Amino acid sequence: MPDPQKPIGVLFMAYGGPESLDEIPGYLSDIRHGRPTTTAVLDEITNNYRQIGGKSPIMGLTKAQVEGAMAQLNPPGEPERFKAYLGMRHWSPWIEETVGQMIDDGIERAVAIVLAPHFSSMSIAKYQAKIQAGLELYRGDIDFATVDAYYDADLLIEAFAARVREAVEQFPEDERDDVHVVLSAHSLPVRILREGDPYQDQLWTTARLIAERAGLREDQWSWSYQSEGRSPEPWLGPQLEDHIPTLHEERGVDKVVSLAIGFVSDHVEILYDIDIEAQKAAKAMGVTLVRPPSLNDDARFTRLLAELVEGRAAEEGWIDSDVRAASAGAPSMPMPEGTASPV
Ligand SMILES: C=CC1=C(C)c2cc3[nH]c(cc4nc(cc5[nH]c(cc1n2)c(C)c5CCC(=O)O)C(CCC(=O)O)=C4C)c(C)c3C=C
Ligand SMILES: [Fe+2]
Ligand SMILES: [Fe+2]
């Protein structure tokens, strides 16, 4: 029987990123499962990181998110109910090693949550597999309860919709009706659709809920993927840097708000792929592009993380709480015309 006096572990997981340019080859090798990276791709990616300050900000931002959530999970002056841990999928602190640390600390029950709201066999499932690998490697027996997705959670939608509103308000009042909002997420290989992966349906549900909450007209927003991988197979599209010129040429759009909704913190796929690459494509067409900050340590988002953890622990009967995660699956919703991806 687990000891109810012991704190419940909370394993926060994120993608991870290099802390310096020297770390990029090792980081890429992990992402690419040890497949060699050509010098041209290594140089290109190193140059991208150089342009955003020589390192990924993901570690600092993730720590701030964890602190925000933990402040709610362990109110000051009360006994420690939860103990926080942080593990990264592609860089240190590695998820497997963090699980080893949890075993050493005597954690018996834990909630695991990925700092990404949408489930895919190519993302969340891989983080979860690393937990199992850590338990096997360090021979532990922690009872893990996972939060699998929270793409339609009310606080997530509200936090993203607030970002949209703030960005639209950066345009003069008499121009705001003409602003077009592009919501995007990391592309994945097209084959995931044939495999029945829920990723795209979940993304589209999040997008539609945000658009509704932000009060956007049907013709005032559209969907795009971004940051497709460098591999020969087809990836989901359209890509952001192609989509913006298309919006301009076909619909006369010249004011764009670009918000990534598959990520919850700023990192290279936003700071380079949107702020530099997509911004360049926009400027070349005379399009003004505004990119609001990612959720980062937004109080609504950290509150959501805490509520999801509490809700999951309550579901397991580990704590008494009437807090329940608002992540139950909503029906998938149709997208505005002309935004469907090829299957
Ligand atoms: C939903 C899935 C993915 C998310 C979210 C994601 C975030 C993310 N990716 C990088 C940096 C790189 N990713 C790269 C390749 C790559 N990424 C995903 C999926 C997600 N990434 C896949 C499936 C792949 C292909 C892996 C393979 O086997 O080749 C790469 C490598 C170079 C490339 O292919 O472009 C980089 C670099 C960051 C920084 C990030 C968010 C934190
Ligand atoms: Fe990636
Ligand atoms: Fe990527």
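What comes next concerns the included structure. (Residues numbered from 1 in each chain as written. Chains lettered and ligands numbered in written order. Predicted model: local features only at pLDDT ≥ 70, side-chain atom pairs only at ≥ 80, totals over all residues. Heavy atoms only, no water.)

**Examining the coordination of the iron ion (ligand 3)**
Protein coordination of the iron ion (ligand 3) is provided by His186 (NE2), Glu269 (OE) and Glu269 (OE), with donor distances spanning 2.2 to 2.7 Å. Taken as an interatomic distance, the gap from the iron ion (ligand 3) to the iron ion (ligand 2) is 3.0 Å. With histidine 186 in strand β5 (residues 180-186) and glutamate 269 in helix α10 (residues 268-271), the pair connects residues that are 83 residues apart, well separated along the chain. According to the relative accessible area criterion, glutamate 269 is partly exposed, its value standing at 21%. (Donors = N, O, S within 2.8 Å, 3.2 Å for Na, K, Ca; no water. Helix = DSSP H or I, 4+ residues; strand = E, 2+ residues; numbered from the N terminus. Buried < 20%, exposed > 50% of the residue type's maximum accessible area, 1.4 Å probe, protein only.)

**Overview of the site of ligand 1**
Taken together, the neighbourhood of ligand 1 is formed by 21 residues, with Tyr15, Arg35, His186, Arg230 and Glu269 sitting nearest. Within the contact set of ligand 1, an oxygen atom lies 2.5 Å away from a side-chain nitrogen or oxygen of arginine 230. Coverage of ligand 1 by the protein chains reaches 91% of its 790 Å² of free accessible surface. Put simply, the parts of the chain that give the shell around ligand 1 at least two residues each are α1 (24-31), α2 (39-51) and α10. With 3 residues, the single largest contributor to the shell around ligand 1 is α1. Of the residues assigned to the shell around ligand 1, the class counts are 13 nonpolar, 5 polar and 3 charged. (Near = heavy atom within 4 Å. Polar contact = N/O pair within 3.5 Å; in protein donor to acceptor, adjacent residues only side chain to side chain. Areas by Shrake-Rupley, 256 points an atom, 1.4 Å probe, with all protein chains shown as cover. Nonpolar A, V, L, I, M, F, W, Y, C, P; charged D, E, K, R; others polar.)

**Quick word on helix α6 (residues 154-168)**
For α6, which comprises 15 residues, the first-to-last C-alpha distance of 21 Å matches the rise-based estimate of 21 Å (1.5 Å per residue) to within 8%. Most of α6 is tucked away, with 11 of its 15 residues classed as buried. All buried positions along α6 are accounted for by Leu155, Leu156, Ile157, Ala159, Phe160, Ala161, Ala162, Arg163, Val164, Ala167 and Val168. In this structure, the buried residues of α6 make contact with β5, α8 (199-213), β7 (255-260), β8 (288-290) and α12 (299-315). (Expected span 1.5 Å × (residues − 1). Contact = heavy atoms within 4.5 Å.)

**Observations concerning the environment of glutamate 19**
By the element assignment, glutamate 19 lies in the loop between β1 (8-14) and α1. Glutamate 19 sits in the partly exposed class, given a relative accessible area of 34%. Along the chain, glutamate 19 and glycine 68 lie 49 residues apart, while their C-alpha atoms are 22 Å from each other. Other than its neighbours up to four places away in sequence, glutamate 19 contacts Gly54, Lys55, Ser56 and Met59.

**Regarding α8**
An ideal rise of 1.5 Å per residue puts 21 Å on 15 residues; α8 measures up with 21 Å between its terminal C-alpha atoms. For α8, the tally of buried residues reaches 12 of 15 residues, placing the bulk of the element in the interior. Taken together, the buried positions of α8 are occupied by Tyr199, Gln200, Gln202, Leu203, Trp204, Thr205, Thr206, Ala207, Arg208, Leu209, Ile210 and Ala211. Along its buried surface, α8 packs onto α6, β5, α7 (191-194) and β6 (221-226). Immediately downstream of α8, the backbone of glycine 215 shows phi near 75°, a positive value.

**Considering the packing of α6 against α8**
For the pair α6 and α8, the least separation of the axes is 8 Å and the interaxial angle reads 60°. Regarding the angle of α6 to α8, the classification is oblique. Crossing hand, α6 versus α8: right-handed. Facing α6, whose interface residues are Asp154, Leu156, Ile157, Glu158, Phe160, Ala161, Val164 and Arg165, α8 presents Thr206, Leu209, Ile210 and Arg213. Of the residues that constitute the contact of α6 with α8, the class distribution is 7 nonpolar, 1 polar and 4 charged. (Axes fitted to C-alpha atoms, helices over the stretch in contact; angles between N-to-C directions. Parallel < 35°, antiparallel > 145°, perpendicular 65-115°, else oblique. Left-handed = near helix turned anticlockwise from the far one by under 90°.)

**A few points about a negative patch on the surface**
Taken together, the side chains of Glu166, Glu169, Glu173, Asp174, Asp177 and Asp178 make up a negatively charged region of the molecular surface. The residue glutamate 169 is located in the loop between α6 and β5 in this model. You can call glutamate 169 partly exposed: its relative accessible area is 49%. (Patch = residues over 30% accessible without salt bridge, like charges linked within 9 Å, V, L, I, M, F, W, Y side chains within 5 Å. Salt bridge = Lys/Arg side-chain N within 4 Å of Asp/Glu carboxyl O. Lys, Arg positive; Asp, Glu negative; His and termini not counted. Charge placed at Lys NZ, Arg CZ, Asp CG, Glu CD.)

**Comments concerning the sheet that holds strand β3 (residues 109-114)**
By way of backbone hydrogen bonds, the strands of a sheet pair with one another, either parallel or antiparallel. With respect to topology, 4 strands assemble into an open sheet ordered β2-β1-β3-β4, the strand pairing being parallel. The open sheet terminates on both sides in strands that have one partner only, identified here as β2 (82-88) and β4 (143-147). Ignoring which end each strand starts from, the neighbouring axes of this sheet average 25° apart. One ladder, built from 7 bridges, connects β1 with β2; its direction is parallel. Within β2, the position partnered with methionine 13 by the bridge is glycine 87. Packed onto the sheet, helix α3 (residues 58-73) meets β1 and β2 and runs at close to 165° relative to β2. (Pairing = 2+ DSSP bridges.)

**Details of the sheet that holds β7**
If you walk across this open sheet you meet the 4 strands as β6-β5-β7-β8, and the pairing is parallel. Only two strands of the sheet have a single partner each, and these edge strands are β6 and β8. Strand-to-strand twist across the sheet, computed as the mean angle between neighbouring axes with direction ignored, equals 30°. Of the pairings in the sheet, the one linking β5 to β7 comprises 5 bridges and is parallel in character. Bridge assignment links valine 182 to a residue of β7, and that residue is serine 258. Contacting β5 and β6, α8 crosses the sheet at an angle of about 145° to β6. Sheet contacts for helix α9 (residues 240-251): β5, β6, β7 and β8; angle to β6, the most-contacted strand, approximately 150°.

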